[in-house]
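Observations on the three-dimensional arrangement
Residue strings, one per chain:
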Amino acid sequence: MAGFGQYQDLLISKLSALTDPESSETLMSACTDKDDHTTATRVLCDTDGKLMVSMSGGGDASAANQVLINDALTDIHNELQTPSSMASELTLQNVESGITSLESVVATLDGKFPTALSASGNLQVSIEEGGVEANQLPSALTSSGNLKVSLEEGVDTLSTSALQTVGNANINTMSAKLPSVLVSDRLKVVNDEVSNDAVGSIAMSVVAATSQNVSFSTEGYRTVNIYGGIAVGSMINTGSGSGVHCYVENSPNNTDWYYYKELYINNGMNNENNIANVEVVVAPYMRVVVQNDDSVAYQSNVYVHGIKSRD
């Protein structure tokens, strides 16, 4: 039986044979599928015994290919370092700042730009003011450089020339009723100022058994003042049927008259025989009558003033 030393010598001899390429009969192979030993394929080396590796997609990882790659990277590096071919960092920052500012402006103006075109190709602008919205279609400029606007919605309520004329007429009508100047410390209103107008009088002798009257329109008056006297300084009889009396009548048309009221004649202590009454206007027309039922004539001096006042 061979001893341990003999086996050891034999093992060293075999290993030495494997490391000697000229005497070794062992060949290196590799499997293309690690789980299938039948796919074993021998590995290829170059003349120096270096493993040859084939790279897909453009060639081997050879020294020549590496030189080409290095040259290409150098060109790229030089190009990036050339100021004329590359925006500086400061320029890029300015561009970024400008873009941010533009975005802010666009956000502010959002909704204020024309949103559509009209059938004729004009920009359509939505105008919302005073509760009225109408589509305005800018089309051209006037001789003075103002923008002409075509109105295509709500025509019956928009400010056209015809409607402007009507509006001007209404303003003129209103202006006649507005305060215009001051009278003392009060506002004076045109055609509606406080006034005391003389509208009529019975200043004549009224013969016995007759009467005299004065009629007037009450338009614009709230009240009428009736004042004066009859045969002032003389003793007279007053009252219907036997003396002198004064009364007021009303009419809707200045033709048909209706008795309103008797006016008091105050004889006084010295035969003043005066009249002083304020009567509220109740009809479009009024008249004052002095009736002499006595047997002698009496001088009448009776006056009527219409009083205008504001509401």
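All values derive from a computational prediction rather than experimental measurement. By convention here, each chain's residues receive numbers from 1 onward along its written sequence. This being a predicted model, a pLDDT of at least 70 is required before a residue's local features are given, and a value of 80 or more before pairs of side-chain atoms are given or counted; all residues contribute to the totals for chains, interfaces and linings. Heavy atoms from the whole structure form the basis of all side-chain values; hydrogens and water molecules are not counted.

Right, let's talk about the sheet that holds strand β10 (residues 210–217) for a bit. Reading across the sheet, the four strands line up as β10-β15-β12-β13 and stay open at both edges, with antiparallel pairing between neighbours. If you trace the sheet from one side to the other, it starts and ends with β10 and β13 (258–263), each paired once. Sheet twist, expressed as the average angle between the axes of neighbouring strands with direction ignored, equals 25 degrees. Two strands are said to pair when DSSP picks up at least two bridges between them. Where helices and strands are cited, they refer to DSSP runs of H or I of at least four residues and of E of at least two residues respectively, numbered from the N terminus. Sheet topology note: the strand β12 (residues 244–251)/strand β15 (residues 285–292) ladder contains eight bridges and is antiparallel. From the neighbouring strand, Tyr-247 faces β15, where its bridge partner is Val-289. Axis geometry follows a simple rule: fit a line to the C-alpha atoms, using only the stretch in contact for helices, then measure angles between N-to-C directions, giving values from 0 to 180 degrees.

Another point: a nonpolar patch on the surface. A patch is a set of surface residues, each over 30% in relative accessible area and not in a salt bridge, joined within 9 Å for like charges and within 5 Å for the nonpolar side chains Val, Leu, Ile, Met, Phe, Trp and Tyr. For every accessible area listed, the method is Shrake-Rupley and the probe measures 1.4 Å; residues are considered covered only by the protein chains on display. By definition, a salt bridge exists where a carboxyl oxygen of Asp or Glu is found within 4 Å of a side-chain nitrogen of Lys or Arg. Nonpolar side chains collect at one region of the surface, where Ile-69, Leu-73 and Ile-76 lie side by side and expose about 290 Å² of accessible area between them. When you line up the elements, Ile-69 lands in helix α2 (residues 63–80). For every residue, the accessible area obtained with a 1.4 Å probe (protein chains only) is divided by the maximum for its type, and the residue is called buried under 20%, exposed over 50%, and partly exposed between those limits. The exposure class assigned to Ile-69 is partly exposed, which follows from its relative accessible area of 45%.

Mapped onto the fold, Glu-249 is located in strand β12. According to the relative accessible area criterion, Glu-249 is buried, its value standing at 11%. Leaving out residues up to four positions away in the same chain, Glu-249 has contacts with Trp-257, Tyr-258, Tyr-259, Tyr-260, Tyr-285, Met-286, Arg-287 and Val-289. Within 3.5 Å is the distance limit for a polar contact, defined as a pair of N or O atoms, with the added protein rule that one can donate a hydrogen and the other accept it, and that residues adjacent in sequence qualify only through two side-chain atoms. A polar contact of 2.5 Å, which involves the side chain of Glu-249, links it to the side chain of Arg-287. Residues are treated as being in contact if the distance between any of their heavy atoms lies within 4.5 Å.

Attention shifts here to the confidence of the model for the chain. Per-residue confidence from the predictor is reported as pLDDT, which spans 0 to 100. Taken as a whole, the chain shows an average pLDDT of 76; of its residues, 57% reach a score of 70 or greater. In this model, residues 130–138 is a region of pLDDT below 50 whose contacts with residues beyond four sequence positions or in other chains number 38 contacts.

Moving on to unusual backbone geometry. Leaving glycine out, the prevailing phi sign among residues is negative, and the prevailing peptide bond configuration is trans. Even without a glycine there, the phi angle at Ala-231 is positive, about 45 degrees. Secondary-structure assignment places Ala-231 in the loop between β11 (223–230) and β12. The phi dihedral of Asn-273 is positive, around 50 degrees, even though this residue is not glycine. Turning to its location among the elements, Asn-273 is positioned in the loop between β13 and β14 (274–280). For Asn-273, a relative accessible area of 0% translates into the label buried.

Alternating residues of β14 divide into Ile-275, Asn-277 and Glu-279, all buried, and Asn-274, Ala-276, Val-278 and Val-280, none buried. Here seven bridges tie β11 to β14, and the two strands are oriented antiparallel to one another. Within β14, the position partnered with Gly-229 by the bridge is Asn-274.

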